[in-house]
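# Residue-level structure breakdown
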Amino acid sequence: MFSCVGLSKSFDKTLFDDFNLELEPGEIVAITGPSGCGKTTLLRCISGLENLDKGEILFSGHNITNLPAEERKIGLIFQKPVLYPHLNVGKNLKLASKNADISVALDEVNLSGFEKRSVHTLSGGEGQRVALARALLAEPSVLLLDEPFSSLDEELSKKLVIDVRNLLKKRNCPAILVTHNNIIAKDFADIIISLN
Amino acid sequence: MKSALVSIFIFSMMVSGCISESIEEKLSNGNMISPDDYVWEDDGELVIVTYDVTGLTDELLSEFENQSGYKVNLMKLEDAGSILSHLLQHKNVQIADIALGLDNTYLQTAIENQVLWEHFANISGLYENVLGPYSGPLATPFDHGYICLNYDTQIVDGENLTVPTNLWELTEDEWKGKIAIPSPETSSPGRAFMTATIDYFANDGDNQTDWRDWWTSISQNDAIITTGWSEAYETHYTGGYGEYTEGYVGDAHIVVSYCHSPGVEAWYSGNWTKSAALDLPRASFHQIEYVSAVEGGNLGAASAFIEYLLSEDVNQKMPTENFMYSVLDGSDLPEDDGYRYHSTIPSQVAEITPEEISANMEMWLEEWNKAMVAV
Amino acid sequence: MHNKYLGTASVCVFLTLILAPLWLAFDRLVWVAGFDIFSWINSLDENYISQGVLEFTVLQALLSSLVTLAIGIPVAWQLGRYEWPFQSLIRSILTMPFVMPSIVAAMGFMHIVGNEGLNIRTNANTWFATLIIAHAWFNISLVIRFCEPVLSTLDPKMEEQMRLLPAGKSKLGRLRNLWLPLMIPSIAAAACMTFVFSFTSFALVRWITLGENTLESMMAGVGSSAGISGYMVSKNEVILGSSLIQFTILLFSLWLMSWLQMKRQTLLPTTSETVAKSKNVLGWSVILPAICFAILPLLTIMIASFRINEVDASGSNQYWSLAGWEYAFSTTNSLPSAWDALQNSVGYALITLLIALPLGYILAQTIRDLEKERPKLARVVDLLTMLPFAVSSVMIGLGVMLGMIRIDAEFFYSIWFTPILAHVMITTPFVVRIILPALRSLEPKYEECARTLGLTNIQRFFIIEIPLLRGSILVAAIFIMAMSMGEFGASWVITRNSDWTTLPIIIDSIRSIPYNNPLTTPAANAVSTVLMLIALVLFVSTEKFRPTRDGGMF
């Protein structure tokens, strides 16, 4: 069980105040809201890349609020896939887990045989699939997705939304998606929360 | 972070403060130490601090190494002035064993500042004349020569330019920019020549002007003042071997050098030279170069080297290896290829006592400086 | 590596390393000369050796900048606006002089004007022109490096649009309304850098001029008698006065430089799309002479090292021979052999690399980290790392020399590592200047993503950061090696132990041997050739690894 209790953060204005969320294993939540409303910052705070003003993050009863990002075991998929240009696809995946079977992970995201490919040669959809495979290899307690489908065209994003959802459900991995697109949110999530 | 910066700054101030006090203490507490109090260690090495003394050939040094078992290490500085500065900067610090090349215009300052030690080399048979300025155990002459003006006889031939009969003629228009003089601040021949001019103008029967006025005029007459002797002689002087070297300019027909420089020219070029020494009474200076044991150094090695350098076999080679006179009694320049024939012994050298030099050198240099910048 | 303690420690090490010797030297000079800024400045006029030196220094530096622009701008224009076969090779050749050690250039130009070359040195007025041209030779690469990117990436539509406007109908109008406003920051930045380098010129001034000095070469000369209580006091004042003036002028130039650099960055097009360019046959008349000019001094040195010129009254005898090389690389002269000097140079360069690269890297990283959290402190540390640029190498040499005397001369003279201190002081600021822009251009996402994948601090540093910055790190490493191998000013001042002799010093020493030995010139040229080839190899390597648009100055 993963829960957020009373999360608050403000820069010049209040981004979110007293935000609460509870996730059961395998549950997928979508948070929607207009751009600039603090969705991305919320995810960055949960993942530990930014500090909260107030609030607690709990996982299986442990308080992980003060752990650095690298020790939280929370995965994050960025808007545009972050793939290291000096490493090929296989080596990018190895970053998450040294001993994992890379080919199985690639099979899961329908990219069989991509191990030796240079990341420069990947399309946007392929890149996002590699990033997803890599995030899952790290076996996160929860996966955060920051508008990962927004840079893809409609048809491609529809297909990817279904694929990712099925994969997460298969793995029983809870996830939080932030998006401004209500259709994607409906297709992807079990529950939709609207910020603001 | 800020506090760390501040503490470092304070720390460095403290360290530097402490150190400067200890230096002052060391410098002011120096009473003359007697040889019985010398403390030194034989590390099997001989460090010679010197400038471009050409006599230190590789054969000569390796022969000494073989004979004595000491390993020789050379510390070559720019000029004789740098040797003295180096000794003064590193007083009480063991950085060299031998100082080679201080001359009689520098030696007194070194002695007064107690940077030299008495050596125990067994020396005999030196020419009496070279022991005049200093004959004590702190320094031993190893070569000598006479500083005077040299001129190019092909240009200073009586037609284009006339041979000067006194130094004032050099301040006339025909000599504008045609005289090269090494600076007394940095070069030992330059310092020797300046010293000579003091005596020359004190005895020229003219009470209106003195040496300072002459230097002001010579400065206004665009005399070429160089850092060292070799720049004056090689780069600027038309009468010497400089014209065969890269970088030669050849704009000076008269230069401060040695009275035997034309002899060296002749010896090199098969008894031929166009350079001649200008023998004006009191306008030349008897320069004696010394070898000394350095305070705190390896005195055993230093003494062995001094004895070796003054041995007959080695020292009689001075004219051909180092282009200076040997200090051995009865020695002379070789006759071959007109070496001795083209060399001049000045009729009357400047008479300045070592005491006068040691008392006034700092002041003279400052006055020279003032004279040169006076307009 | 993002570690607060490591960052603080590196800043402290840097400050101690840079400031301690300078502070100690300053303290010692003041101890001799007294604290009186007015009399320090005045002493410049009251001493024969320093009289007129400031005027000469400024004059030659200004003229050098002008001549460098006059030669450099047409070359940069041709290179940037038209298409050339082997474009990158041509650019490399033209920018190569910048990494050449100054003593090598001095030997080259001495031979060009000497009696075996143009034989114009006997005219005493030529040395000034020679000096200016030699400075231009060094710095043309700056003009090319600063101006070419602006010229070559400008969207052709801008000029096409300008043609249609009344103000841009004529060539002159387009020059005045389009090109000049775009180019002036770059041109001025190049001129500013050229001014700084010419102002502190030492090796070239030492060999080419006839007794004229820059502040830098004059300080090197009188420095040998500095720091002795009650002895040559006025020379200590001269050093203090000159350092103060030089420091102020350099600091101002660097401030101007960084301001211009900022202006310049805003004018650089953000994308580097390749612009279709035409060929220009006439342009060869600019490019070809420029290539010859860049290569000539280096070719000259190489040829001259095999050329013996035995001349005396009986006539001249010139022949080809390896004797100069043998003389330089044997111990038969009373100097250390060039072989020993080569080993020292390589050793010093490698150890300097091991110290300066990590130190500079951590400093850059610290500045970058501070920029996010405490921008004001970041700016302070940034400025501190730039400060050594305003301290010339002779000043650093004097600092190390007098600092050694102050602390423990016997110890410092006895160890082989001492000169490395000066090399680290000189090279570290360059590392910061190369690494910092690279760190700034690094996507923060790369770091953040690695954290969410669970990579530790050290893992992120070695697996992500180092490989991503590989190009800039290699450029910095090679730069350190090249600067260390060619370092002349500081080494000239501090080298008093023959065990410390490096290649540039031995070139100077061999050429300084008095009396007409026909082997000294070829021997000095032989060692120069070795040094030149090393610099060339290092230069070719940097060109290979240089990131395409690093935004850095070097």
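This text goes with the structure placed above it.
Residues numbered from 1 in each chain as written. Chains lettered and ligands numbered in written order. Predicted model: local features only at pLDDT ≥ 70, side-chain atom pairs only at ≥ 80, totals over all residues. Heavy atoms only, no water.

### Points about the overall build of chain B
For clarity, the threshold we go by: Strands are runs of DSSP state E lasting at least 2 residues, helices are runs of H or I lasting at least 4, and numbering of each runs from the N terminus. It is over C-alpha atoms that the radius of gyration is taken, and the globule rule equals 2.2 Å times the number of residues to the power 0.38. Each residue's exposure class comes from its accessible area (1.4 Å probe, protein chains only) as a fraction of the maximum for that residue type: buried when under 20%, exposed when over 50%, partly exposed otherwise.
Scanning chain B for helices and strands turns up 12 helices and 11 strands. For chain B, whose C-alpha radius of gyration is 22 Å, the value lies close to the compact-globule estimate of 21 Å for 375 residues. Each principal axis of the C-alpha distribution contributes one length, and for chain B these read about 75 × 55 × 40 Å. Considering chain B as a whole, with its 375 residues, one finds that 59% of them fall into the buried category.

### What to know about the sheet that holds strand β1 (residues 2-10) of chain A
All names here are of chain A. Filter applied, for reference: A pair of strands is treated as paired once DSSP finds two or more bridges between them. Contacts are assigned to residue pairs that have any heavy atoms within 4.5 Å of one another. In this analysis an axis means a line fitted to C-alpha atoms, helices contributing only their contacting stretch, and an angle means the value between N-to-C directions, from 0 to 180 degrees.
Across the sheet, which stays open at both edges, the four strands sit in the order β2-β1-β4-β5 with antiparallel pairing between neighbours. Because the sheet does not close on itself, it has two edges, and the strands there are β2 (14-23) and β5 (62-63). Note: β1 against β2, six bridges, orientation antiparallel. What sits directly across from Leu7, in β2, is Phe19. Most of the contacts of helix α1 (residues 39-47) go to β1, to which it runs at about 120°, and overall it touches β1, β2 and β4 (54-59).

### Remarks on the nonpolar core
Put simply, the rule is: To form a nonpolar core, buried Ala, Val, Leu, Ile, Met, Phe, Trp, Tyr and Cys residues must be joined to one another through side-chain atoms within 4.5 Å.
By size, the foremost hydrophobic cluster in this structure holds 237 residues, and its most contacted members are Trp215(B) and Phe305(B). For this core, the element with the highest residue contribution is helix α14 (residues 338-373) of chain C, accounting for 14 residues. Filtering out sequence-adjacent residues up to four positions away, Trp215(B) remains in contact with Ile181(B), Phe193(B), Met194(B), Thr197(B), Trp368(B), Ala371(B) and Met372(B). Grouped together as the second largest cluster of nonpolar side chains are 77 residues, Ile28(A), Val29(A), Leu43(A) and Val109(A) included.

### Structural notes on the pairing of strand β6 (residues 179-182) of chain B
Residues and elements named next belong to chain B. Of the two faces of β6, the one holding Ile179 and Ile181 and the one holding Ala180 and Pro182 are both buried throughout. The sheet contact formed by β6 and strand β8 (residues 254-258) spans two bridges and is parallel. Each residue of the ladder has a partner; that of Ile179, found in β8, is Ile254. Across three bridges, the pairing between β6 and strand β7 (residues 224-226) is parallel. Of the residues in β7, the one forming a bridge with Ile181 is Ile225.

### Brief notes about a nonpolar patch on the surface
Residue and element names in this part refer to chain C. Condition: Patch members must show over 30% relative accessible area and no salt bridge, and they are joined within 9 Å when carrying like charges or within 5 Å when they are nonpolar side chains of Val, Leu, Ile, Met, Phe, Trp or Tyr. Only the protein chains shown count as cover for residues, and the accessible areas themselves come from Shrake-Rupley with a 1.4 Å probe. Criterion for a salt bridge: a side-chain nitrogen of Lys or Arg within 4 Å of a carboxyl oxygen of Asp or Glu.
Taken together, the side chains of Phe26, Phe35, Ile37 and Ile41 make up a nonpolar region of the molecular surface, amounting to roughly 360 Å² of accessible area. Along the chain, Phe35 turns up in the loop between α1 (4-33) and α2 (37-46). Under the relative-accessibility criterion, Phe35 is labelled exposed at 58%.

### With respect to the interface of chain C and chain A
Short version of the rule: Buried area: the accessible surface (1.4 Å probe) lost by two parts on joining, summed over both. What qualifies as a polar contact is a pair of N or O atoms within 3.5 Å, subject to a donor-acceptor requirement within protein and to the restriction that residues adjacent in sequence count only when both atoms come from side chains. For this scheme, ten residues count as nonpolar: Ala, Val, Leu, Ile, Met, Phe, Trp, Tyr, Cys and Pro. Four count as charged, namely Asp, Glu, Lys and Arg, and the remainder, Gly too, count as polar.
Taken together, the contact pairs 16 residues of chain C with 22 residues of chain A. For the pairing of chain C and chain A, the buried interface totals around 1700 Å² over both sides, and the portion due to carbon and sulfur atoms is 65%. Sorting the residues of chain C by area buried against chain A places Arg451(C), Thr452(C) and Leu453(C) first, and these three jointly supply 37% of that buried surface. The interface formed by chain C and chain A contains three salt bridges. With its nearest N and O atoms 2.9 Å apart, the salt bridge here joins Arg451(C) to Glu70(A). Viewed at the interface, chain A and chain C are joined by six residue pairs in polar contact (both at pLDDT 80 or more). When contributions to the side of chain C that touches chain A are tallied by element, the ones reaching two or more residues are α19 (444-452) and α20 (457-468) of chain C. Per element, the largest residue contribution to the side of chain C that touches chain A is seven residues, and it comes from α19(C). Of the residues in the side of chain C that touches chain A, the class split is nine nonpolar, three polar and four charged.

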